[in-house]
Amino acid sequence: MHKKLVNTLLISIVLITLSTNFSVSPKGFEGFTYGSNLLFQGEPTFRLNITPPNVLTVAQGSMGVFTVTVIPFYGFREPVHLEASGLPSGTTWSFSVNDEAPMFTSKLAINVEDNVPVGTYEFKIEASGGGKKDVRKVYLTVLPFLPGSITPITTPTSPSVTPDFTLHVYPLSKAVYQGEKASFDVYMTPKGGFSGEVSLSVSGLPADATASFHRISSRKSKMEITAGQTTGTFKLRVKGQSNGVIRYVYISLEIKEKPVETPTITATTPQPKPPMPFNFSLYISPKQALLKPGETTAFTIVATHLSGEPRELSFEVTGLPPDFTYSFSPEKITPTGTVTLTVTAGSTTGSFALNVKAMGGGVIKTVWALIKVSGETKRKCVIATATYGSELSEEVQFLRSFRDNYVMSSYAGKNFMEAFNSFYYSFSPYIAEAIERNMFLKQIARACIYPLILTLKVTSSLSGLFVHMNGEVATLALGVSASVLLGIIYLTPPETLILLVLKKKKSVKRKHVKTLVLIVSLAFVGLIAGISVKSQLTVKIFSSLLVLTLIFVPASLVSLEITELILKGEGKSELERPNFSFK
């Protein structure tokens, strides 16, 4: 039976594994000896993984979130306590999950009050437990208040389907004279099945001004503010509340002194007031981006209409090296509106001032942000990028994350990827170019890549089974699982079809089984030996051999079994049942 052959193959791998004894430290393999048991030794510990990795940008009066993941190593199972220290006065913080045994993920929510000075602050995120400690330095960049920014009150938790809503106000700023009325439209957009009543209020008005709300529909209300005699520019906070959910939107109101009417002696024809000239404000977020060569980041540019008849704006970018690329989406807007600027770093490293110029109606406004590029170039997933149209697509980001967080996290994985990249990038650019030009090829490529993404998601979901293992062992276990699944998914259907068409007799004899076991064993032992002596060439050769063997062998065995069952069921089997008698 082919099942017996598969069992024989697996037992052989286990026996070879059990014949080797390793001594492993957190930095990698420090020694290699032979013994009677497989023993990976390392002091239990943990480490922190923080997203975003360095800088969190938050506007005054808003909140930002760091994602903190505690990852155990070598069987660490003690509770870990999380703390934040060094944040500026006027900020408060909280962790959504704390004092748990890893692995676990916690959201660090940082609330920035209106009075926190603009600037960049260094602070620490510290984890301690079981006599171990890990401290990471990160930065909080506080930006000026942006009219229209939405500030949630509740601390973010894991994604849920709790009913929610968003709040928007138009326009975001307005100017009136003393005693006049200013009207704003307030829009409520439900999410997650929200259907409750939203009560509205506004704060920040001068004492002699009044506000009232008039409901137009279930999703729209009219807010009218009657100005008093107090003049100045006021930052107002519009509040929407329903069933414990609170959302804020900040707007700006300017109350100007009413011009004194000069009495005239003779009647004259009233002259119309000259129209106010067109004007707008410009804002960019974030103010700083840290990239590796080849990486992509996105900036949000907000153009707010201030006065005059709205005019269409176009945008330009200066200050980037020649090998950088960028694009606007959309390319033109009429304020008030938002544009997304996508920038892809080239191979040039250093710090660059990104200048964004907006032009329209004879008015030009400029904002800038800082881009820092350092480190080695990361390889692109060229075929997947061409298939899904952007490096920012969910599928491409998942493939890059699996490569960087799982495969590249070990010595064996890094060397295997170097060997794989030499092969992959020898032909992939040509295939990617053909896919970009042909929509039909794009659909075929998506159908072909989908099983790969599904397999890697299944494999990555199993990573929790190996979380207490040494990094090299966990990577090897994931690699074996992924190779076998990919071989069965991609190779079993065509091999089965070929066997059904040819209907040739096949037999798997003892010498064939021995050959298969010998190849897998040789690849496994060679890989372990290469890792132990830190021989990159050895690791590249035997890791590639092991992956190829695990892809082809199980797929071929499954194809033989399926073909025999199909022909036998039709009553005309010409395929000889595999012989496992070892005679």
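Residues numbered from 1 in each chain as written. Predicted model: local features only at pLDDT ≥ 70, side-chain atom pairs only at ≥ 80, totals over all residues. Heavy atoms only, no water.

A. Geometry of the overall build of the chain. For the chain, the count of helices and strands is nine helices and 28 strands. Burial statistics for the chain: of 583 residues in total, 40% are counted as buried. In the chain, the share of contacts with a sequence separation of at least 24, taken over all contacts with a separation of at least 6, comes to 66%. By element, 57% of the accessible surface of the chain is carried by carbon and sulfur atoms, the whole surface being about 31100 Å². (Helix = DSSP H or I, 4+ residues; strand = E, 2+ residues; numbered from the N terminus. Buried < 20%, exposed > 50% of the residue type's maximum accessible area, 1.4 Å probe, protein only. Contact = heavy atoms within 4.5 Å. Areas by Shrake-Rupley, 256 points an atom, 1.4 Å probe, with all protein chains shown as cover.)

B. Focus on the nonpolar core. Counting residues in each nonpolar core, the largest one holds 29 residues, and the members touching the most others are Phe-299, Ile-301, Phe-315, Leu-341, Val-356 and Ile-371. Mapped onto this core, the elements with two or more residues apiece are β20 (279-285), β21 (288-291), β22 (296-307), β23 (313-318), β26 (337-344), β27 (350-360) and β28 (363-373). When neighbours within four sequence positions are excluded, Leu-341 is seen to be in contact with Thr-297, Ala-298, Phe-299, Ile-301, Val-317, Tyr-326, Ser-327, Phe-328, Leu-354 and Val-356. Among the nonpolar cores identified, the runner-up in size contains 25 residues, and Leu-82, Leu-87, Val-116 and Val-142 belong to it. (Core = buried A, V, L, I, M, F, W, Y, C linked by side-chain atoms within 4.5 Å.)

C. Focus on the layout of surface pockets. Each pocket or cavity is described by its volume, and for the second largest pocket that value is around 1600 Å³. In this structure, the second largest pocket is lined by 46 residues; those nearest its centre are Phe-416, Phe-420, Leu-452, Leu-486 and Val-547. Elements with a contribution of two residues or more to the lining of the second largest pocket: α2 (382-388), α3 (394-405), α4 (411-424), α6 (439-461), α7 (471-502), α8 (510-532) and α9 (536-570). Class assignment of the residues belonging to the lining of the second largest pocket gives a composition of 35 nonpolar, eight polar and three charged. (1 Å grid on protein atoms, 1.4 Å probe; cavity = no way out; pocket = protein on both sides within 12 Å on 5 of 7 lines; lining within 4 Å. Points joined across faces, edges and corners; volume = space filled by probe spheres on them. Nonpolar A, V, L, I, M, F, W, Y, C, P; charged D, E, K, R; others polar.)

D. Region of the structure containing the packing of α3 against α6. It is at 11 Å that the axes of α3 and α6 come closest, and there the two elements cross at 45°. One way to sum up the angle between α3 and α6 is to call them oblique. Where α3 crosses over α6, the two elements pack in a sense that is left-handed. For the pair α3 and α6, the contacting residues are Glu-395, Phe-398, Leu-399 and Phe-402 in the first and Leu-452, Ile-453, Leu-456, Lys-457 and Ser-460 in the second. (Axes fitted to C-alpha atoms, helices over the stretch in contact; angles between N-to-C directions. Parallel < 35°, antiparallel > 145°, perpendicular 65-115°, else oblique. Left-handed = near helix turned anticlockwise from the far one by under 90°.)

E. Here's a closer look at α3. An ideal rise of 1.5 Å per residue puts 16 Å on 12 residues; α3 measures up with 16 Å between its terminal C-alpha atoms. Among all positions in α3, only Val-396, Phe-398, Leu-399, Arg-400, Phe-402 and Arg-403 are buried. On the buried face of α3, the contacting elements are α2, α4 and α6. (Expected span 1.5 Å × (residues − 1).)

F. View of the confidence of the model for the chain. Averaged over all residues, the pLDDT of the chain equals 79, while 81% of them reach at least 70. Mean pLDDT per element in the chain: strand β2 (residues 28-34) is the minimum at 36, and β23 is the maximum at 95. Low pLDDT, under 50, characterises residues 1-40; the predicted model gives this stretch 80 contacts beyond four residues in sequence or across chains. (pLDDT = per-residue confidence, 0-100.)

G. Examining the packing of aromatic side chains more closely. Evaluation of the coordinates by the stated rule reveals 13 aromatic pairs. Note on Phe-416 and Phe-420: the rings are 6.2 Å apart at their centroids and 20° apart in plane angle, and the pair reads as stacked. Residue Phe-416 and its partner Phe-420 are located together in helix α4, separated by four residues, close to a single helical turn. Since its relative accessible area comes to 34%, Phe-420 is described here as partly exposed. Taken together, Phe-416, Phe-420, Phe-423, Tyr-424 and Phe-427 form an aromatic cluster joined through their ring pairs. Lys-457 extends its terminal NZ or CZ atom over the ring of Phe-398, reaching a point 5.5 Å from the ring centre. (Phe/Tyr/Trp six-rings, centres within 6.5 Å; stacked < 30°, edge-to-face > 60°. Lys NZ or Arg CZ within 6 Å of the ring centre and 35° of its normal.)

H. How the structure looks around the environment of Tyr-388. Inspection of the secondary structure assignment puts Tyr-388 in helix α2. Along the backbone, Tyr-388 and Arg-446 are 58 residues apart, and their C-alpha atoms lie at a distance of 7.6 Å. Setting aside chain neighbours within four positions, we find Tyr-388 in contact with Ser-393, Glu-395, Val-396, Arg-446, Ile-449 and Ile-453.

I. Up close: the sheet that holds strand β14 (residues 181-191). Taken in spatial order, the four strands make up an open sheet running β12-β14-β17-β16, and their pairing is antiparallel. Every other strand in the sheet has two partners, leaving β12 (164-170) and β16 (210-215) as the edge strands with one partner each. Across the sheet, the mean angle from the axis of one strand to that of its neighbour is 25°, orientation sign disregarded. In this sheet, strand β17 (residues 220-226) lies alongside β16 in antiparallel orientation, the contact comprising six bridges. Residue pairing in the sheet places Phe-213 in a bridge with Met-223 of β17. (Pairing = 2+ DSSP bridges.)

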